[in-house]
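Observations on the model geometry
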Amino acid sequence: MSDSRTELNELGEFGLIDHLTKNFINRNSSTIKGIGDDAAVIKINEDESRLISTDMLIEGVHFNLMYMPLKHLGYKAVAVNVSDICAMNGVAEQITVSIAVSNRFPIEALEELYEGIHLACEKYKVDLVGGDTTSSLSGLTLSITAIGKANNTAITYRSGAKEFDLLVVSGDLGGAYVGLQLLEREKEVFNANPNIQPDLDGNDYILQRQLKPEARVDIIQFLKELEVQPTSMIDISDGLASEILHICKASKVGCHIYDEKIPVDAQTSIAAIDFNLDPHTCALNGGEDYELLFTVKQEDFEKVNANPNMSIIGHITDEKDGVYFIDKQGAAIELTAQGWNHFKD
Ligand code: ADP
Ligand code: MG
């Protein structure tokens, strides 16, 4: 280590990963894709590959146990890893779970965490095959690795989008972010006066989007049944804008996305407006929806358009045309990522 000191926020999360890993080369021919996509791709044979993705959740950074029940946390931690396997157009089969816990937690609390993990294993048909357990000085850290499988011809990278492809998103967006705003508000109210009951009525959908997100394994199944091979795909963990930019950068393309096409649930809109937030800004820049963003060839328009779980929100353009968001008045606004940056502030 040199004497100079560079602050983490100078690089940001992705800059830091690039910086730390730039001198690594892949030595094994089985490593088809290393760093840089939703999961690594390791060749099994000519037909199939293994997919591996890992994610870490830290108390106080990614979750707050004041409003995130441990059972939900366990479920969510598995779901977000399965989501990364979905984003490669694969199927998750196993997980490993590593935890670091302080003695603030009784065994009953960890049992609750594992109830959620168990529920998710049943839902996503994955096997818990290992992990690690250690003590921590404060708080809870949870790291899950998901292992999946896919046919080599089905695997979908961030880098495959081509000019004229259609940009598609599953489900609806912004709900998880607005749900988080609601939980944060009620936490403040509770802190100010613990006798006041939280006011969460009528907001079950956005709360569920934040507390119990699902990996879109159903979308992967639909695509298979429809015989649609996406040209690129990513899951939406950091907000639509950030993920579109990832696809465009990796695929060396531009795109146009249309504000009016972005799917936002009515409950998300009502709650967003209540918070003085623009619902579509929540969809663009909020995080944790865990929907899938993908591109398909023009010829698949009918198949995708007919499916109520998928919305076509734009199309891919030449790289030099840039990445633009077209608002309801038809004005083109250049898209910049305002996704989570944990190193900010
Ligand atoms: P995702 O949002 O899909 O979970 P990330 O943005 O966390 O993906 O990571 C982007 C890529 O960088 C992935 O390929 C991931 O495996 C890799 N990566 C992240 N952190 C590290 C690290 N500390 N060392 C090596 N690779 C990393
Ligand atoms: Mg991902």
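The paragraphs below set out a description of the structure included in this document.

Quick notes on the rules
Residues numbered from 1 in each chain as written. Chains lettered and ligands numbered in written order. Predicted model: local features only at pLDDT ≥ 70, side-chain atom pairs only at ≥ 80, totals over all residues. Heavy atoms only, no water. Donors = N, O, S within 2.8 Å, 3.2 Å for Na, K, Ca; no water. Helix = DSSP H or I, 4+ residues; strand = E, 2+ residues; numbered from the N terminus. Buried < 20%, exposed > 50% of the residue type's maximum accessible area, 1.4 Å probe, protein only. Axes fitted to C-alpha atoms, helices over the stretch in contact; angles between N-to-C directions. Parallel < 35°, antiparallel > 145°, perpendicular 65-115°, else oblique. Left-handed = near helix turned anticlockwise from the far one by under 90°. Contact = heavy atoms within 4.5 Å. Nonpolar A, V, L, I, M, F, W, Y, C, P; charged D, E, K, R; others polar. Pairing = 2+ DSSP bridges. Near = heavy atom within 4 Å. Polar contact = N/O pair within 3.5 Å; in protein donor to acceptor, adjacent residues only side chain to side chain. Areas by Shrake-Rupley, 256 points an atom, 1.4 Å probe, with all protein chains shown as cover.

Our focus in this paragraph is the coordination of the magnesium ion (ligand 2). Note on the magnesium ion (ligand 2): its protein donors are Asp38 (OD), Asp84 (OD) and Asp235 (OD). The metal-donor distances range over 2.0 to 2.1 Å. Read N to C, the donor residues that coordinate the magnesium ion (ligand 2) are spaced as D-x45-D-x150-D. A residue pair is termed long-range when its members are at least 10 positions apart, and Asp84 in helix 2 (residues 70-86) and Asp235 in strand 8 (residues 232-235) qualify at 151 residues. Judged by its relative accessible area of 8%, Asp84 is buried. Residue Asp235 is classed as buried on the basis of its relative accessible area, which comes to 1%.

At a closest axis distance of 9 Å, the pairing of helix 4 (residues 175-192) and helix 8 (residues 266-274) adopts a crossing angle of 45°. In terms of orientation, helix 4 and helix 8 fall into the oblique class. Seen along the crossing, helix 4 lies across helix 8 with a hand that is left-handed. Note on element contacts: helix 8 touches helix 4 through Thr268, Ala271, Ala272 and Asp274, opposite Gly175, Val178 and Arg185. Grouping the amino acids of the contact of helix 4 with helix 8 by side-chain chemistry returns 3 nonpolar, 2 polar and 2 charged.

Let's shift gears to the sheet that holds strand 9 (residues 254-258). Here 7 strands make up an open sheet; going across it, the order is 8-10-7-11-9-12-13 and the pairing mixed. With partners counted over all chains shown, the strands left at the sheet margins are strand 8 and strand 13 (332-334), one partner each. Strand-to-strand twist across the sheet, computed as the mean angle between neighbouring axes with direction ignored, equals 25°.

Consecutive side chains along a regular strand alternate between the two faces of the sheet. By the criterion of burial, strand 6 (residues 140-151) is predominantly enclosed, with 9 of the 12 residues buried. Bridge count between strand 3 (residues 48-58) and strand 6: 11 bridges; the pairing is antiparallel. Looking at strand 6, one finds that Leu57 is bridged to Leu142. Relative to strand 6, strand 4 (residues 91-101) runs antiparallel, the two being bridged by 10 bridges. Counterpart to Val97 in the pairing with strand 6 is Ile144.

Of note, Leu8 is situated in the segment before helix 1 (12-21). For Leu8, a relative accessible area of 44% translates into the label partly exposed. Along the backbone, Leu8 and Gly148 are 140 residues apart, and their C-alpha atoms lie at a distance of 32 Å.

The next thing to look at is the environment of Ile17. Tracing the sequence through the fold places Ile17 in helix 1. Each C-alpha atom, one on Ile17 and one on Asp218, is 31 Å from the other, the two residues being 201 residues apart in sequence.

The local shell around ligand 1 consists of Phe14, Ile17, Thr21, Ile35, Gly36, Asp37, Asp38, Asp55, Asp84, Arg158 and Ser237. One of the backbone nitrogen or oxygen atoms of Gly36 is found 2.8 Å away from an oxygen atom of ligand 1. The contact in question runs from an oxygen atom of ligand 1 to an N or O atom on the side chain of Asp84, over 3.1 Å. Alone, ligand 1 offers 560 Å² of accessible surface; in the complex the protein occludes 62% of this.

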